[in-house]
Amino acid sequence: MAILNKIRQRSLILILVIALALFAFVIQGVIDNPNAFSDTQGVIATVNGKDIERIDFQQKVKNYQDRVGGRISSTQAMNAIYNQELRKIIMESQYETLGLSVEKDEMRDLLKNSVQSYPEFQDENGNFDVNRLNAFIANLKDLNGEAAPLGNSLVNYESWAIYEDNIASNAIQQSYYNLIKAGVGTTIAEAEDDYLADAKNVDIRFVQIPYTTIADSLVEVTSADVKAYMKDHEDQFKADASREVVYVEFKEEASVADEDAIKAELLKLKGDTAEYNESSGNTDTIPGFDTVKDVEAFINSNSDVKYDDSFLRVAQLPAVAKDSLTALEAGQYYGPYKDGEYFKLSKMIAVEQMPDTVNVRHILVPFVGGQRADASVTKTPEEAKKTADSILAQIKAGTKFMDLLELSSDKVSNEKDGEIEFAYNAGMAPEFKAFSFENKVGDIDVVGTSFGYHIIEILEQKSMNSAYKIGTLARKIEPSDQTLQDVFNKMSKFEIAAKDGDFQELAKERELTVKPITFKELDENIPGLGAQRQVVRWAFEDGTDVGDYKNFPISGFGFIVAKLVEKKEEGPMSVEDASITAAPEIRKEKKAKMIREKITATTIDDIAKNQGQSPRTAAALTLKNTTLAGAGAEPMVIGAAFGLEQGKISKPIDGEKGVYVIEVTKVTDATALDNYTPIINRLNTALRNSVQTKVYQALEEAADIEDNRAKTVY
């Protein structure tokens, strides 16, 4: 009690201490992350002064991921929505400036064109009925978020509103681009130039002095040269911020001992086992794979892969065990054997001679919600089954199959008397296929599938071959708990040693491969490891310095220990990095100068003789084809040829592969056309087809964009 009284007396002091501790925690967070309370934390990007808000953005990302069903990573989804929102803001500012919008009457016409094919919006004559459309929209409002069927989909009022917005947006966009296309066209002069570029041609004699005639070792490229080249070509040497990381992998893989244990477990399942029954006090014998009667239940209880009761053709058997499995007799085993990520023990259940192709006829009774069921279907599954049983009873009582075909909803097969011929590998409903192949000619019965209930009669079976029903126990090859612990310990010891040791040497001692990777701030993939944004984020954090290292768990893989080895910020490339692409060009320029200085002769033959080369010819050169026979693409040389008069010799020309001197030996002028309209139309079409892409690219480049993705949701 005395202690409690003292605590009460000092409660104010305790509150102050706790408050100060919390304050210190918050302050430390601000120090570690200066942007913690920045406005940009709630803004993905600002485009021309308009914000893309984080909460709205994340909801759109979630909706997008739900629609695509997990086929893309979260970063891919975020990038897709970012590009969508970016385009929306940029384009809407254009529409607003021009005063473009969709009026009520226009919207009604757009909706009509978009939805008039739906039966829900048609009258009894199949014509579009606007009253039915209005009633449908009013009903969606009254449903308060609940969905209503439309075609083969379900829609609620929110999704319908989005649908209308998209229609309006597409219409405005089309109007915008149509306005631009109306102002784009080709002149007669441009059409004439295009014609001449293909129709006019020249023949030349030339000599090429290749750059390879001068060894690279004779041409020095200095840092000053690279800097000067970078200054003259600034756009080529702008670099985004990047980080270089090296890492080693610690894979969570099954050991040899783990694999032996899995195989032993599979073999143990063959025999019976004794199990004490607490209820009866007796010891029960649990049948093993050797004696069990219910093979399906046994496999489904003891295998990582469910039992397949179908008969398999040779081509469907595992490639690694095909020959061994087909040699088995009923009751015999093969395995354990490795098939992909599983160890398997297979038992031959039965071998039958079965057809590769069948011909059947059927009557389909669909039900509401069944695959491909249209709006005219009203039967429940129970009602459809009852109808199918009634039809079967009529057939067995003597009614001809053909006389009942009108009851089938499969109008395609009805045109062929209800008959369908298909091979075993055809994409048919599994229940339909199983009945058709595993029964005999003349058999008839009701079979349920996702389409409804079928009355199927087997008419013919062809190409009989062996088919195998195999029971397979499969166990996924996974590391044991001990192996997982060993991997974790190995990784932890490496990480501890890396604190004071050399990363490369430590890896070498442990026979680990050091892998380098360089990425930008919004990248996510590491080759072989997939999406690893956690590594990218860490490398770009303000508190991560060169030399820092950290371990990362990799789902389905194990761990990596990564070390940051280099930071590069946004801006001009370093001279070292730029020299990779700049040095070859600089060297080429210097070689060209050296070659030009050695050329003193004035004729093609003399220049070729003095430079140890042979004169060459090229015929029918055109401006549209910049390839010089025997030399490759040489646009500067081709262009120079069309600037010379016949019989004239050029000055030395710096080409892609060497220095050239050319002589025009023949000029074939093109005959002027009376009418350039076809060329104008062709060029107009090409020009207008490119408008949408080029206009948006220009608008995006001109936009004022502050991209905060890496600092917010990424």
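Residues numbered from 1 in each chain as written. Predicted model: local features only at pLDDT ≥ 70, side-chain atom pairs only at ≥ 80, totals over all residues. Heavy atoms only, no water.

Chemist: Could you clarify how one ought to interpret the overall build of the chain in this entry?
Modeler: Looking only at helices and strands, the chain has 23 helices and 26 strands in total. Taken against the 2.2 N^0.38 rule, which gives 27 Å for 714 residues, the C-alpha radius of gyration of the chain at 38 Å runs more than 25% over that of a compact globule. Taking the principal axes of the C-alpha coordinates as reference, the chain spans close to 110 × 95 × 70 Å. Within the chain, residue pairs in contact and separated by at least 24 positions form 65% of the contacts whose partners lie at least 6 positions apart. (Helix = DSSP H or I, 4+ residues; strand = E, 2+ residues; numbered from the N terminus. Rg over C-alpha atoms; globule rule 2.2 N^0.38 Å. Contact = heavy atoms within 4.5 Å.)

Chemist: What exactly am I supposed to notice about the packing of aromatic side chains here?
Modeler: The geometry of two aromatic rings is summed up by the distance between their centres and the angle between their planes. Tallied over the full model, the rule gives 21 aromatic pairs. Between Phe 121 and Phe 136, the ring centres sit 5.3 Å apart and the planes meet at 75 degrees, which makes this aromatic pair edge-to-face. You can see Phe 121 sitting in the loop between α5 (104-115) and α6 (130-142) and its partner Phe 136 sitting in helix α6, a full 15 residues away along the chain. Considered together, Phe 121 and Phe 136 belong to a single accessibility category, that of buried residues. With 5.3 Å between their ring centres and 50 degrees between their planes, Trp 160 and Tyr 163 make a pair best called tilted. With Trp 160 and Tyr 163 both in helix α7 (residues 157-182) and three residues apart, the pair spans about one turn of that helix. Residue Trp 160 is classed as buried on the basis of its relative accessible area of 2%. Put simply, the rings of Tyr 118, Phe 121, Phe 136, Trp 160 and Tyr 163 touch in pairs and so form one group of aromatic residues. Between Lys 433 and the ring centre of Tyr 424, over which it is positioned, the NZ or CZ distance is 5.1 Å. (Phe/Tyr/Trp six-rings, centres within 6.5 Å; stacked < 30°, edge-to-face > 60°. Buried < 20%, exposed > 50% of the residue type's maximum accessible area, 1.4 Å probe, protein only. Lys NZ or Arg CZ within 6 Å of the ring centre and 35° of its normal.)

Chemist: Is there a simple way to think about the packing of helix α3 (residues 54-68) against helix α4 (residues 74-98) in this case?
Modeler: Taken N-terminus to C-terminus, the directions of α3 and α4 make an angle of 120 degrees; their axes are 9 Å apart at the nearest point. In this view, α3 runs oblique relative to α4, as classed from their interaxial angle. Helix-helix and strand crossings are classified by hand; for α3 and α4 the assignment is right-handed. Contacts between α3 and α4 pair Phe 57, Lys 60, Val 61, Tyr 64 and Gln 65 from the former with Ser 74, Ala 77, Met 78, Ala 80, Ile 81, Tyr 82, Glu 85 and Lys 88 from the latter. Classifying every residue of the contact of α3 with α4 gives eight nonpolar, two polar and three charged. (Axes fitted to C-alpha atoms, helices over the stretch in contact; angles between N-to-C directions. Parallel < 35°, antiparallel > 145°, perpendicular 65-115°, else oblique. Left-handed = near helix turned anticlockwise from the far one by under 90°. Nonpolar A, V, L, I, M, F, W, Y, C, P; charged D, E, K, R; others polar.)

Chemist: Explain the sheet that holds strand β19 (residues 558-568) to me, please; I cannot follow it from the model alone.
Modeler: Backbone hydrogen bonds are what pair the strands of a sheet, in a parallel or an antiparallel way. Strand order in the open sheet formed by four strands is β15-β7-β19-β18, and the pairing between neighbours is antiparallel. In the strand order of this sheet, the two ends are held by β15 (515-520) and β18 (549-554), each with one partner. Taken pair by pair, the neighbouring strands of this sheet meet at an average axis angle of 35 degrees, ignoring direction. Strands in contact with helix α16 (residues 481-498) are β7 (242-251), β18 and β19; relative to β7, the strand with the most contacts, it is inclined by about 140 degrees. (Pairing = 2+ DSSP bridges.)

Chemist: Please explain a negative patch on the surface as it appears in this structure.
Modeler: Side chains of Asp 51, Glu 53, Asp 704 and Glu 706 sit close together on the surface and give a patch of like negative charge. With respect to the helices and strands, Asp 704 occurs in the loop between α23 (691-702) and β26 (705-707). (Patch = residues over 30% accessible without salt bridge, like charges linked within 9 Å, V, L, I, M, F, W, Y side chains within 5 Å. Areas by Shrake-Rupley, 256 points an atom, 1.4 Å probe, with all protein chains shown as cover. Salt bridge = Lys/Arg side-chain N within 4 Å of Asp/Glu carboxyl O. Lys, Arg positive; Asp, Glu negative; His and termini not counted. Charge placed at Lys NZ, Arg CZ, Asp CG, Glu CD.)

Chemist: Would you mind going over the pattern of salt bridges with me for this structure?
Modeler: Between side chains of opposite charge, pairing is possible as soon as their charged atoms come close. Under the counting rule described, the total for this entry stands at 34 salt bridges. Across the salt bridge formed by Asp 194 and Arg 682, the nearest N and O atoms sit 2.7 Å from each other. Residue Asp 194 is found in helix α8 (residues 188-199), and its partner Arg 682 is found in helix α22 (residues 677-689); the two are separated by 488 residues along the sequence. Of the charged contacts, one joins Arg 313 and Asp 356 as a salt bridge, the two residues approaching to 3.7 Å between their closest N and O atoms. Of this pair, Arg 313 sits in the loop between α11 (295-302) and α12 (322-326) while Asp 356 sits in strand β11 (residues 342-365), and the two are 43 residues apart along the sequence. Exposure remark for Asp 356: the relative accessible area of 25% places this residue in the partly exposed category. It is possible to trace a salt-bridge network through shared partners that takes in Asp 56, Lys 60 and Glu 85.

Chemist: Please clarify how the sheet that holds strand β24 (residues 653-654) should be interpreted in this entry.
Modeler: Spatially, β21-β5-β25-β24 is the arrangement adopted by the four strands of the open sheet, whose pairing is antiparallel. In the strand order of this sheet, the two ends are held by β21 (616-621) and β24, each with one partner. Bridge count for strand β5 (residues 201-210) against β21 is four bridges, and the pairing is antiparallel. Residue pairing for β21: Arg 205 is matched across the bridge by Thr 617. Across the face of the sheet, helix α19 (residues 575-598) comes into contact with β5, β24 and β25 (658-668) while running at roughly 65 degrees to β25.

Chemist: I'm lost on the side chain of Asp 203 in this one. Help?
Modeler: Secondary-structure assignment places Asp 203 in strand β5. Within the buried set, Asp 203 has no salt-bridge partner at all; the shortest N-O distance to an opposite charge, 4.8 Å, is to Lys 666. Discounting residues that sit within four places of it in the chain, Asp 203 has contacts with Ala 618, Ala 619, Ala 620, Glu 663, Val 664, Thr 665 and Lys 666.

Chemist: Just to check I follow, could you spell out the environment of Phe 451 for this structure?
Modeler: In this fold, Phe 451 is placed in the loop between β13 (444-449) and β14 (452-476). Phe 451 gets classed as buried once you look at its relative accessible area, which sits at 19%. Linking Phe 451 and Pro 366, residues 85 residues apart in sequence, is a C-alpha distance of 6.0 Å. In this view, Phe 451 contacts Leu 364, Pro 366, Phe 367, Gln 371, Arg 372 and Ala 429; residues no more than four positions away in its chain are not counted.

Chemist: Sorry if this is basic, but what is going on with the environment of Asp 374 here?
Modeler: Tracing the sequence through the fold places Asp 374 in the loop between β11 and α13 (381-396). Given the relative accessible area of 48%, Asp 374 is considered partly exposed.

Chemist: Just checking my understanding: could you explain the pairing of strand β1 (residues 43-47) for this structure?
Modeler: In summary, the side chains of a regular strand alternate between the two faces of the sheet. Of all five residues in β1, five are buried, a share of seventy percent or more. Looking at chain direction, β1 and strand β2 (residues 50-53) are connected through four bridges and run antiparallel. Along β2, the bridge assignment pairs Thr 46 with Asp 51. Hairpin connection of β1 to β2: two residues between the antiparallel strands, including Asn 48 at a positive phi of 50 degrees. In this structure, β1 lies alongside β26, joined through three bridges in antiparallel fashion. Among the inter-strand pairings, Val 47 is bridged to a residue of β26, identified as Ile 705.

Chemist: Is there a simple way to explain unusual backbone geometry in this structure?
Modeler: Residues other than glycine predominantly adopt negative phi, and peptide bonds predominantly adopt the trans conformation. Put simply, Gly 335 and Pro 336 share a cis peptide bond, and its omega is 5 degrees. On the secondary structure map, Pro 336 appears in strand β10 (residues 333-339). Positive phi, normally seen in glycine, also occurs at Asn 48, with a value near 50 degrees. In this structure, Asn 48 sits in the loop between β1 and β2. Since its relative accessible area comes to 40%, Asn 48 is described here as partly exposed. A positive phi is found at Asp 417, a non-glycine position, where the angle reads about 60 degrees.

It is worth stressing that arrangement in space is one thing and function is another; only the former is reported here.
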